[in-house]
Amino acid sequence: MTFGKELSRLRKENPLFANHYINYKELKDAVDEADVAKVMNLLRTELDKINDIVEVQWGALIGELKARMRKLGDKEGAEVNAESLENLSQAVVRLHSFIETNYLGFQKVVKKCAESQETASCSWFLARVEAASFRQHRFDELLVPLGRLYTAFRRSTGFGMEAALHGLDDQALPMSGDGNAQVFFVPTSQVMKAKVALLKVLEPAATIIKAKTNQGTRDTSRVTAEFSQKLTHVYFESNRGDQYAERLRRRIGGFAAATGPVGVLLQCHAAPPPLVEAGAPGDPSDPYHEVSVEIQDETYKVSTFSLQQKLMPAFLAGKATSNSPLEKMAAETIQKEQLRPAVSSSAFRSSFTSASSAGKAGVALVSIDEQVTFRDEAALADDKAWCFAASKTGAASTSWSQVDFPGAILRIWLPASSANSLLGLLGVPDLDLKPVPGFSEALHGTALLHRELANPLPPWIPSETLVLAAGRSTLVVSPHGDEKGLLDVAGGKSQRVDKKPTEYKKTGSLKPTEAARSLRRTWCVICGRGDAAAPVKDDPKLLVDCKTPMAIERTLLRWMRSTILLGSLSSLLMSGSSFDMQLNGVLLGLVCLIFTIFPLMSYVKRSRELSNPKAKQPKVDRTMPRILALSFSVVLFSTVCVNVFAGDSSQDS
């Protein structure tokens, strides 16, 4: 379904927003007309329209939820009823869908503007959309009080599943380690629906922070809900892929590394720093912020210990910073197996618990990870940081250092049979959930960013759609003795990374644009949205004005004009009486002949290139200006030499 048809469907389903969706058709027509002023006016008008309606709806929802929460505080739980809660839930889902749909519409319009030379100047508008007010709202401020209302409703009406959930609480698996959850992929359009469905049965694992700002007799306190928390996991790997092989053996089974199982798996967990004054987040690059290191031994037992960020460089060098047996074992493993950070995954996690386990740290029945991003830690160019999460610059040495996951990851922290029972209790509607047995972020990130180590690929990634892309880094040991072993993969061969752009001629790797298409096909197969072999629409042809080919003629005429001036000056100097003037005239005459031939040759070459239907990337040709500068330098040098030698000869005589 095209985006225009999707907008038409949403207008019919949501009459409240029918007249407030982005006018996509009119914007497309304006871009096709190449009227920059009209496009910019329409973009500003549409952005203001969407900002206004979102502010109105957001204020209405916040006010309604605050009013109902105050009634709960006054012990008026009878005011909560199923119909009003369902209306509030649907309003939250509709508002979220409205925001995401319009943002996607702006992205499509700006992309279409960038494809045309006349409207390319409008592509900057996406930055303004990113900073717009309708993109700054945090839906945690709606979901947390909505979850509290559902909890109060279940308690007041006796409509609950506490007995059934209490039995599941005893089977809850720890949220540490790799493979303790049943995993499902959730499409982006269904994430908010999944959260609301979970709130109807489970409680949000969230905290509400209230900062008082009394003004006179009026209470203007700001309430901040902390529901989605950013988590970062950093996974270690050797240059042989032993950790990947061991993880694959444990998660999938039936496979072991050629060198044998490693036995010990290492990963780091960087939780968000504690909140500072007024609920503001701390600095994730704080050297005193603690990092949790997880060790999974041969018996699948997970043990953890904490280190300060400032001690991580020594730990990664294989040196224990304390007398802890766990830290010593981890440091010895790093030194023996030559491990280092390879890939990392960061996401915003929302956790859901039952009433009996609410308030317990590290206990949850269900969690949803959004905005999942995989990073290539081997491409980190900040020498002062041990990972991207601890870097203040976030500089990367390759172009393929980050891959975003299109959708969300839903985890049920229960055994498989109990997870199916919970899904039945939840009564989850048709959310297009795709179960992924054995899913592991470490395996997934390694397959995407270090294909040379991911052999074989995880079963949820089709091998025919995931190929090497030029510009990616690899952990293969460098023959030149690089400290990090950061190389560039091209055609299955390892090459040193250079500051110059990678040349793609005569290599088996893909250009970044072609690799991006391949990665999109991979996501379609992973998320169950179509066939991997489905054709991808080619990039549109680049059209230029009719004056562009005529620029070659204008350039030729300018060179001819300069040649005539040089020829006139050469004739004037050759008619002089002194030897120096005549020499200068002869040399300038030679330069004049050179620049009679070269511009003509360049004109013929450019004309043939333009007649070729295959487009080529334009480059600046500085050959003739350099030849001209060199010729003038030779003329000047020759004149100076003649004057010097002639002066010495006259003095000797």
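Rules behind the numbers
Residues numbered from 1 in each chain as written. Predicted model: local features only at pLDDT ≥ 70, side-chain atom pairs only at ≥ 80, totals over all residues. Heavy atoms only, no water. Helix = DSSP H or I, 4+ residues; strand = E, 2+ residues; numbered from the N terminus. Buried < 20%, exposed > 50% of the residue type's maximum accessible area, 1.4 Å probe, protein only. Contact = heavy atoms within 4.5 Å. Areas by Shrake-Rupley, 256 points an atom, 1.4 Å probe, with all protein chains shown as cover. Axes fitted to C-alpha atoms, helices over the stretch in contact; angles between N-to-C directions. Parallel < 35°, antiparallel > 145°, perpendicular 65-115°, else oblique. Nonpolar A, V, L, I, M, F, W, Y, C, P; charged D, E, K, R; others polar. Pairing = 2+ DSSP bridges. Phe/Tyr/Trp six-rings, centres within 6.5 Å; stacked < 30°, edge-to-face > 60°. Left-handed = near helix turned anticlockwise from the far one by under 90°. Lys, Arg positive; Asp, Glu negative; His and termini not counted. Salt bridge = Lys/Arg side-chain N within 4 Å of Asp/Glu carboxyl O. Polar contact = N/O pair within 3.5 Å; in protein donor to acceptor, adjacent residues only side chain to side chain. Arc of directions from axis to C-beta. pLDDT = per-residue confidence, 0-100. Patch = residues over 30% accessible without salt bridge, like charges linked within 9 Å, V, L, I, M, F, W, Y side chains within 5 Å.

Student: Hey, could you run me through the overall build of the protein in this one?
Tutor: In terms of regular secondary structure, the protein is built from 17 helices and 16 strands. In the protein, which comprises 653 residues, the proportion classed as buried is 43%. For the protein, the proportion of contacts with a sequence separation of at least 24, taken over those separated by at least 6, is 67%. For the protein, the accessible surface area stands at approximately 34,800 Å², while carbon and sulfur atoms represent 55% of it.

Student: What's the story with the packing of helix α6 (residues 140–157) against helix α8 (residues 191–199) in this structure? I'm lost.
Tutor: Any two packed helices are characterised by how steeply their axes cross, that is the angle between the axes, and by the distance between the axes. Orientation of α6 relative to α8, taken along the N-to-C sense of each, is 30 degrees, at an axis distance of 9 Å. Compared by their axis directions, α6 and α8 come out roughly parallel. Taken together, the residues of α8 that come into contact with α6 (itself represented by Leu 143, Leu 146, Gly 147, Tyr 150 and Arg 154) are Met 192, Lys 195, Val 196 and Leu 199. The residue makeup of the contact of α6 with α8, split by class, is 6 nonpolar, 1 polar and 2 charged.

Student: Quick question: what am I supposed to make of the pairing of strand β6 (residues 265–270) here?
Tutor: The buried fraction of β6 amounts to 6 of the 6 residues, a majority that puts the element mostly inside the structure. Side-chain alternation along β6 places Leu 265, Gln 267 and His 269 on one buried face and Leu 266, Cys 268 and Ala 270 on a second face that is also buried. Pairing analysis gives 4 bridges linking strand β5 (residues 229–237) to β6, with the strands arranged antiparallel. The residue bridging His 233 from the neighbouring strand is His 269, located in β6.

Student: Explain the packing of aromatic side chains here, please?
Tutor: How two aromatic rings sit relative to each other is set out by the distance from centre to centre and by the angle between their planes. With the rule as written, the count across this model stands at 12 aromatic pairs. When the centroid spacing of 5.2 Å and the interplanar angle of 85 degrees are considered together, the rings of Phe 185 and Phe 439 count as edge-to-face. Residue Phe 185 is found in strand β1 (residues 182–186), and its partner Phe 439 is found in the loop between β13 (434–435) and α13 (441–449); the two are separated by 254 residues along the sequence. The exposure classification of Phe 185 matches that of Phe 439, with both residues buried.

Student: Please explain the packing of helix α4 (residues 82–114) against α8 as it appears in this structure.
Tutor: Two elements in contact, α4 and α8, have axes separated by 9 Å at closest approach and are oriented at 160 degrees. By the criterion of interaxial angle, the relationship of α4 to α8 is roughly antiparallel. Pair α4 / α8 crosses with right-handed handedness. On the side of α4, the interface is formed by Ser 89, Val 92, Val 93 and His 96, while α8 contributes Met 192, Lys 193 and Val 196. For the contact of α4 with α8, the residue count by class is 4 nonpolar, 2 polar and 1 charged.

Student: Hey, could you run me through unusual backbone geometry in this one?
Tutor: The peptide bond linking Asn 455 to Pro 456 adopts the cis configuration, its omega dihedral lying at 0 degrees. Examined against the element boundaries, Pro 456 turns out to sit in the loop between α13 and β14 (473–474). A positive phi angle is found at Ala 34, which is not glycine, with a value near 60 degrees. Here Ala 34 is to be found in the loop between α2 (24–32) and α3 (36–73). One non-glycine residue with positive phi stands out, namely Gln 338, at about 55 degrees. In this structure, Gln 338 sits in the loop between α11 (325–337) and β9 (340–353).

Student: Would you explain the side chain of Glu 237 in this entry?
Tutor: Position of Glu 237 among the secondary structure elements: in strand β5. Of the side chains bearing the opposite charge, Arg 247 lies closest to the buried Glu 237, which forms no salt bridge; the N-O distance is 5.2 Å. A polar contact is formed between the side chain of Glu 237 and the backbone nitrogen of Asp 242, at a distance of 3.2 Å.

Student: When you look at helix α12 (residues 416–426) in this model, what are you seeing that I'm missing?
Tutor: Along an α-helix, a turn takes 3.6 residues, which lines up residues three or four apart on a common side. For α12, every residue scored as buried is listed here: Ser 418, Ala 419, Leu 422 and Leu 426. The arc that holds every buried residue of α12, seen down its axis, measures 105 degrees, which confines them to one face. In α12, the exposed positions that point more than 90 degrees away from the buried face belong to Ser 417, Asn 420 and Gly 424.

Student: How should I be thinking about helix α1 (residues 3–13) in this particular structure?
Tutor: Within the span of α1, buried status applies to Phe 3, Leu 7 and Leu 10. The arc that holds every buried residue of α1, seen down its axis, measures 65 degrees, which confines them to one face. In α1, the exposed positions angled more than 90 degrees off the buried face are occupied by Lys 5 and Lys 12. Buried residues in α1 make contact with α2 and α4.

Student: Whenever I open this one, the pattern of salt bridges confuses me. Can you help?
Tutor: Pairing between side chains becomes possible if they bear opposite charge and their charged atoms approach one another. Tallied over the full model, the rule gives 18 salt bridges. Where Glu 100 meets Arg 135, a salt bridge forms, and the shortest distance between an N and an O atom there is 3.6 Å. You can see Glu 100 sitting in helix α4 and its partner Arg 135 sitting in the loop between α5 (125–130) and α6, a full 35 residues away along the chain. In this structure, Asp 140 engages Arg 138 in a salt bridge whose closest nitrogen and oxygen atoms are separated by 3.5 Å. Among the residues examined, Asp 140 registers a relative accessible area of 6% and is labelled buried. The exposure class of Arg 138 is partly exposed, given its relative accessible area of 32%.

Student: Help me understand the confidence of the model for the protein, please; the structure alone is not making it clear to me.
Tutor: The predicted coordinates should not be examined in detail at positions where pLDDT is low. Chain-level pLDDT for the protein is 76 on average; 71% of the residues reach the 70-or-more range. Every residue in residues 217–221 is under pLDDT 50, and counting partners more than four places away or in other chains gives 11 contacts.

Student: Just checking my understanding: could you explain the environment of Leu 365 for this structure?
Tutor: Among the secondary structure elements, Leu 365 is positioned in the loop between β9 and β10 (366–376). Leu 365 gets classed as buried once you look at its relative accessible area, which sits at 1%. For the pair Leu 365 and Ile 412, spaced 47 residues apart in sequence, the C-alpha separation works out to 5.8 Å.

Student: Just to check I follow, could you spell out the pairing of β10 for this structure?
Tutor: If a strand is regular, its side chains alternate between the two faces of the sheet. The buried fraction of β10 amounts to 9 of the 11 residues, a majority that puts the element mostly inside the structure. The pairing of β10 with strand β12 (residues 408–412) spans 4 bridges and is classified as antiparallel. Within β12, the position partnered with Ser 367 by the bridge is Arg 411. Two elements, β10 and strand β11 (residues 402–404), share 3 bridges in a ladder whose sense is antiparallel. Directly across from Phe 374, in β11, lies its bridge partner Val 403.

Student: Looking at this structure, I do not really get the environment of Ile 552. What am I missing?
Tutor: With respect to the helices and strands, Ile 552 occurs in helix α15 (residues 547–574). Judged by its relative accessible area of 16%, Ile 552 falls in the buried class. Sequence separation between Ile 552 and Tyr 603 is 51 residues, and the spatial gap between their C-alpha atoms is 6.4 Å.

Student: What's the story with a nonpolar patch on the surface in this structure? I'm lost.
Tutor: On the surface, Met 574, Val 586, Leu 590 and Leu 593 cluster together to form a nonpolar patch covering roughly 380 Å² of accessible area. Examining the composition of the nonpolar patch, we find that 3 residues originate from one element, helix α16 (residues 579–611), more than from any other. The residue Leu 590 is located in helix α16 in this model.

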